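Structural overview
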Amino acid sequence: MTAVINIGSLNIDIVYTLEHIVRPGETLTSRSRAVHCGGKGANQSVALARAGVRVLHAGKVGPDGGELVSTLRGAGVDVSLIETGTEPSGHAVIMVDDAADNAIILFPGANHQLDDAFLDRVFAAAVPGDWILLQNEVNDPGRMMRRARAAGLRCAFNFAPFDPAAELPLECLDLLIVNEIEGAGVAGVDAPGAILEILSRRYPETLVVLTLGAAGALAARGAERFRAASPPVTPVDTTAAGDTFIGYFLAGTLEAMEPAAALSFACRAAAIAVTRAGAAESIPERQEIG
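A short tour of the structure in this document, coming up. Keep in mind the model is a prediction, meaning the values are calculated, not measured.

A closer look at the environment of H57
- Looking at the element boundaries, H57 is found in strand β4 (residues 54–61).
- Considered as a pair, H57 and S45 are twelve residues apart in the sequence and their alpha carbons are 6.5 Å apart.
- If we ignore the near neighbours within four places in the chain, the residues touching H57 are N6, G8, S9, L10, G41, A42, S45, L72, V77, D78, L81 and I82.
- A distance of 2.7 Å separates the side chain of H57 from the side chain of S45, its partner in a polar contact.

Rendered as structure tokens:
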């Protein structure tokens, strides 16, 4: 059975609900505080598992990361490639406002301690046909892209958070997923159609997916174009919407769905996630997707 090895972040999320996102120089009293298990990597592993994919999460936590590991295990994720180091686990401070928009402060911690010895163990667990999934919350994803290509593995990358200083071999990718902000950063233009045109010309062998929030998602591979709408919902918290989309889109791809069908599948899953508070706990089970 094809597996996804997700070399991804593991974060303790501290979530505050506020009337609006704090402005420079402003102090606000939050309405509530909650602590969740998250990180883009962890959330995407949960989404993959709930979509029915065999997923191994590869990453590092600190001595404070036991609940992160147990949460993934409880979601059906293989945690045998997670290691515990001496650095604190990554954590994020998340502000969620009345419009369900969010702002996030990220501390990478153990997520930036992935060295060559760790990667040797991870890639030794892969077999031909497996996928490597990456995000930009771990150190040196470019090294991992090159290793995946050299090993004959398929590789997907979510360029989140976007880093304008990153020099990454995106031509090594089979799948690149970005939102509008990330896509604009990579392509150097703002309009969604132009983003897709530039990236599909630059990386003609890569399936490029551009998520548009409530407006759905677009995709391109070479001259081919695909689109899907998102079901209308009333959002509560958009924190894990993109991670849900990615997990379900990759699940659809592994099931040999056509790109348009995989986009629609992923949009429906993400639409459910935004109606619930939290990160990993907001991600729907496969049977909930209509």
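Some remarks on the sheet that holds strand β11 (residues 207–211)
- The mixed open sheet is built from nine strands, whose spatial order is β5-β4-β1-β8-β9-β10-β11-β12-β13. Edge positions in the sheet fall to β5 (78–84) and β13 (224–228), since each of these pairs with one other strand and no more. Averaged over all pairs of adjacent strands, the angle between their axes in this sheet comes to 15 degrees, without regard to strand direction.
- By the bridge criterion, five bridges tie β4 to β5 in an arrangement that is parallel. Across the sheet, the residue bridging to K60 is E83, located in β5.
- Across the sheet, helix α2 (residues 66–74) touches β4 and β5, and the angle it forms with β5 is around 170 degrees.
- The strands touched by helix α8 (residues 259–273) within the sheet are β11, β12 (217–221) and β13, with β13 carrying the most contacts at an inclination of about 25 degrees.

Structural notes on the packing of aromatic side chains
- Tallied over the entire structure, the rule returns four aromatic pairs.
- Where F159 meets F162, the ring centres are 5.1 Å apart and the plane angle is 55 degrees; that geometry is what we call tilted.
- The buried category is assigned to F159, whose relative accessible area is 4%.
- Owing to a relative accessible area of 27%, F162 belongs among the partly exposed residues under this scheme.
- Seen in terms of ring centroids, Y248 and F265 are 5.2 Å apart; in terms of plane orientation they differ by 70 degrees. Their pairing is edge-to-face. Of the two residues, Y248 is situated in helix α7 (residues 241–254) and F265 in helix α8; the sequence distance between them amounts to 17 residues.

Thoughts on the pattern of salt bridges
- Counted by the stated rule, this structure contains eleven salt bridges.
- Notably, a salt bridge pairs R225 with E197, separated by 3.0 Å at the nearest N-O pair. Residue R225 is found in strand β13, and its partner E197 is found in helix α6 (residues 192–202); the two are separated by 28 residues along the sequence.
- Classification of R225 as partly exposed rests on a relative accessible area of 33%.
- Its relative accessible area of 34% is what places E197 among the partly exposed residues.
- Residue R276 pairs with E288 through a salt bridge whose shortest N-O separation is 2.3 Å. Within this pair, whereas R276 is found in the segment after α8, its partner E288 is found in the segment after α8, the two being separated by twelve residues in sequence.
- Residues joined in a network through salt bridges with shared partners are D116, D140 and R143.

About the cut-offs
Residues numbered from 1 in each chain as written. Predicted model: local features only at pLDDT ≥ 70, side-chain atom pairs only at ≥ 80, totals over all residues. Heavy atoms only, no water. Helix = DSSP H or I, 4+ residues; strand = E, 2+ residues; numbered from the N terminus. Contact = heavy atoms within 4.5 Å. Polar contact = N/O pair within 3.5 Å; in protein donor to acceptor, adjacent residues only side chain to side chain. Pairing = 2+ DSSP bridges. Axes fitted to C-alpha atoms, helices over the stretch in contact; angles between N-to-C directions. Phe/Tyr/Trp six-rings, centres within 6.5 Å; stacked < 30°, edge-to-face > 60°. Buried < 20%, exposed > 50% of the residue type's maximum accessible area, 1.4 Å probe, protein only. Salt bridge = Lys/Arg side-chain N within 4 Å of Asp/Glu carboxyl O.

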